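# A structural walkthrough
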Amino acid sequence: MTETGQYNFAYLDEKTKRMIRRALLKGLAIPGYQVPFASREMPMPYGWGTGGVQVSAACLTPDDSFKVIDQGADDTTNAVSIRKFFQRTAGVDVTEHTGEATVIQTRHRIPEEPLREDQILVYQVPIPEPLRFLEPRETETRKMHSLEEYGLMHVKLYEDIARHGSIATSYAYPVKVEGRYVMDPSPIPKFDNPKLEMAAIQLFGAGREQRIYAVPPYTKVVSLDFDDYPFEASKADHPCALCAATHTYLDEVIIDDAGGRMFVCSDTDYCAKRRAEGHTGTMGTPMNEDAA
Amino acid sequence: MTTEASLTGGFENTPVDAAHAFRVALNTMARPGHIETVTGAKPPAPLSVAAGALLLTLADDETPVYLAPSHDLPEVRDWITFHTGAPLSDPAEAVFAVGGWSALRPLDHFRIGVPEYPDRSATLIVEMVGLENHGAILTGPGIQHSARLSLPAVEAFRANSALFPLGLDFYLTAGNNLAALPRTTKIERA
């Protein structure tokens, strides 16, 4: 049974969507600045992507093709349930293929395949404030952003170097957007940071923290670093065990209780596409139509 | 008195029409200078289809709307009031403002936000005779190399950009054509 007739299109009521839409437009006009919005209760717990879901609900049209990834994978509980949610409440087409999607909601990854101008990437954000762990008071962090006072963030990165010999921050690596606002790119691995300068529109939604922010296409996004310790987009130094890719972000998977492990692409769609093209890693089998 | 014309001309299927109109508003704001078409609204003259669709999509009882003298007519007031419920206000309180370029001036009456909350600024909907991709040269976020747009002025928009991160954001409308000019865009005379 379709549930599109029982809920308003894309679940949220029109007044809520208007409020979110106004916040999204101001977010695009002030790249990297966190716009407060009146986040609603969603039929899922905080931390499961309530911010991303509200942004997607405000952006989707019935003509869209929607993809959801959770750390690169299309088939995790979170990704499957959000995909189903919009299938049922907005009647949109869904896809697992990055190239076919017009709106992609993501938790903690940017797809490996470069995105196009006609695509929108919606991030689920847990803590939108990059300065929050350095300064717990919202009144203070707001003042710091308004005064462009980001010295504390550099001190944090410096302390990393003093303690570990290099910048140990490996995810949610802070960036400066268009030379003005320091922004948390959500907990994507720093491997993905260079991809933040892309052709698609990037929208960020933090439901519990009630913030929306955005990065327009081709906006300058610079990862913070030092002249003598430049930013490095790091990844596990292995090829993918299934598709042999050496240029993708890898997940480490423990496969037995004797220290055995494998490294596989975190982007499941990209990995499957490479295997279908005939790339086979050390633990992979050639893709064939009959195999599930 | 409410005229009959003001009761018609809204979206026929509000959630879907508004979703399509918003996508155009989002795309144009993300790509300054890019012109797209928007449909679904049939507002009374002189309000353009694009300006009408923007108001139906974004305005409600929480967003005071200022009508510049060029658009401050009973039909337009009634239409906006009936379809959006937005209170009509003076420039200082307005979240949205609609009018011809000369009717909207001077721009310093509108809210440009405060340093802690630069988003608390007005969005101006500038009604134009035509919109074309020639004229002033635009660069900045959302533009790969450069874009061109037939702006009604240059200096006023440059002065607005200089206020960044504060400032006004603009939609330019002509018939059902829509383009945007956020405060981040840098403008050079052609």
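Residues numbered from 1 in each chain as written. Chains lettered and ligands numbered in written order. Predicted model: local features only at pLDDT ≥ 70, side-chain atom pairs only at ≥ 80, totals over all residues. Heavy atoms only, no water.

You'll find chain B entered in an unreviewed UniProt entry as Alpha-D-ribose 1-methylphosphonate 5-triphosphate synthase subunit PhnH, with Actibacterium lipolyticum given as the organism.

As annotated in an unreviewed UniProt entry, chain A carries the name Alpha-D-ribose 1-methylphosphonate 5-phosphate C-P lyase and comes from Actibacterium lipolyticum. As recorded by UniProt, the Sequence similarities (unreviewed entry) comment attached to chain A reads in full: "Belongs to the PhnJ family." According to UniProt, the comment filed for chain A under the heading Function (unreviewed entry) is "Catalyzes the breakage of the C-P bond in alpha-D-ribose 1-methylphosphonate 5-phosphate (PRPn) forming alpha-D-ribose." (UniProt positions renumbered as here; feature names shortened; annotations may be inferred.)

All names here are of chain A. If you check helix α5 (residues 151-164), its first and last C-alpha atoms are 20 Å apart, about what 14 residues at 1.5 Å a residue would give, namely 20 Å. The complete set of buried residues in α5 reads M153, L157, D160 and I161. End-on view of α5: buried residues confined to an arc of 95°, all on one side of the axis. Along α5, exposed side chains directed more than 90 degrees from the buried face belong to Y158, A162 and R163. In the core, the buried residues of α5 are packed alongside β7 (181-183). Once α5 finishes, G165 follows within two positions and takes phi at roughly 90°, a positive value. (Helix = DSSP H or I, 4+ residues; strand = E, 2+ residues; numbered from the N terminus. Expected span 1.5 Å × (residues − 1). Buried < 20%, exposed > 50% of the residue type's maximum accessible area, 1.4 Å probe, protein only. Arc of directions from axis to C-beta. Contact = heavy atoms within 4.5 Å.)

Next up on the list: the packing of helix α2 (residues 50-59) of chain A against helix α3 (residues 77-89) of chain A. Helix-helix packing: each pair is described by the crossing angle between the helix axes and the interaxial distance. All names here are of chain A. Contact geometry of α2 with α3 gives a least axis separation of 12 Å together with a crossing angle of 30°. It follows from the interaxial angle that α2 and α3 lie roughly parallel. Seen from above, α2 lies across α3 with right-handed handedness. Listed contacts from α3 to V53, S56 and A57 of α2 are I82, F85 and F86. In terms of residue class, the contact of α2 with α3 is made up of five nonpolar, one polar and no charged. (Axes fitted to C-alpha atoms, helices over the stretch in contact; angles between N-to-C directions. Parallel < 35°, antiparallel > 145°, perpendicular 65-115°, else oblique. Left-handed = near helix turned anticlockwise from the far one by under 90°. Nonpolar A, V, L, I, M, F, W, Y, C, P; charged D, E, K, R; others polar.)

All names here are of chain A. If you trace the three strands from one edge of the open sheet to the other, you get β7-β6-β10, paired in antiparallel fashion. Here the strands that pair on one side only, and so sit at the sheet edges, are β7 and β10 (221-223). Here the strands of the sheet are splayed against their neighbours by 30° on average, with no regard to which way each runs. Where strand β6 (residues 175-177) lies against β10, three bridges are found, and the strand directions are antiparallel. (Pairing = 2+ DSSP bridges.)

Moving on, we get to the environment of R158(B). All names here are of chain B. Relative to the elements of secondary structure, R158 occurs in helix α5 (residues 155-161). Remark: the alpha-carbon pair of R158 and E188, spanning 30 residues in sequence, is separated by 8.4 Å. Not counting residues within four places of it along the chain, the set of residues in contact with R158 comprises I187, E188 and R189. At a separation of 3.4 Å, a polar atom in the side chain of R158 contacts the main-chain carbonyl oxygen of I187. (Polar contact = N/O pair within 3.5 Å; in protein donor to acceptor, adjacent residues only side chain to side chain.)

A few words on the pattern of salt bridges. Counted according to the given criterion, the structure contains 31 salt bridges over all chains. Residue K15(A) pairs with D61(B) through a salt bridge whose shortest N-O separation is 2.8 Å. Of this pair, K15(A) sits in helix α1 (residues 14-29) while D61(B) is found in the loop between α2 (49-58) and β2 (65-67), placing the two residues in two different chains. Judged by its relative accessible area of 30%, K15(A) is partly exposed. For D61(B), a relative accessible area of 45% corresponds to the partly exposed category. For R18(A), the salt bridge goes to D60(B), with nearest N and O atoms at 3.0 Å. With R18(A) in helix α1 and D60(B) in the loop between α2 and β2, the pair connects residues from two separate chains. When its relative accessible area of 1% is taken as the criterion, D60(B) is described as buried. (Salt bridge = Lys/Arg side-chain N within 4 Å of Asp/Glu carboxyl O.)

This next bit is on the sheet that holds strand β10 (residues 177-181) of chain B. All names here are of chain B. Across the sheet, which stays open at both edges, the six strands sit in the order β1-β10-β9-β6-β3-β2 with mixed pairing between neighbours. Looking at which strands have only one partner, the edges of the open sheet turn out to be β1 (36-37) and β2. The sheet contact formed by strand β3 (residues 96-100) and strand β6 (residues 123-127) spans five bridges and is parallel. By the bridge assignment for β6, G100 is matched with E127.

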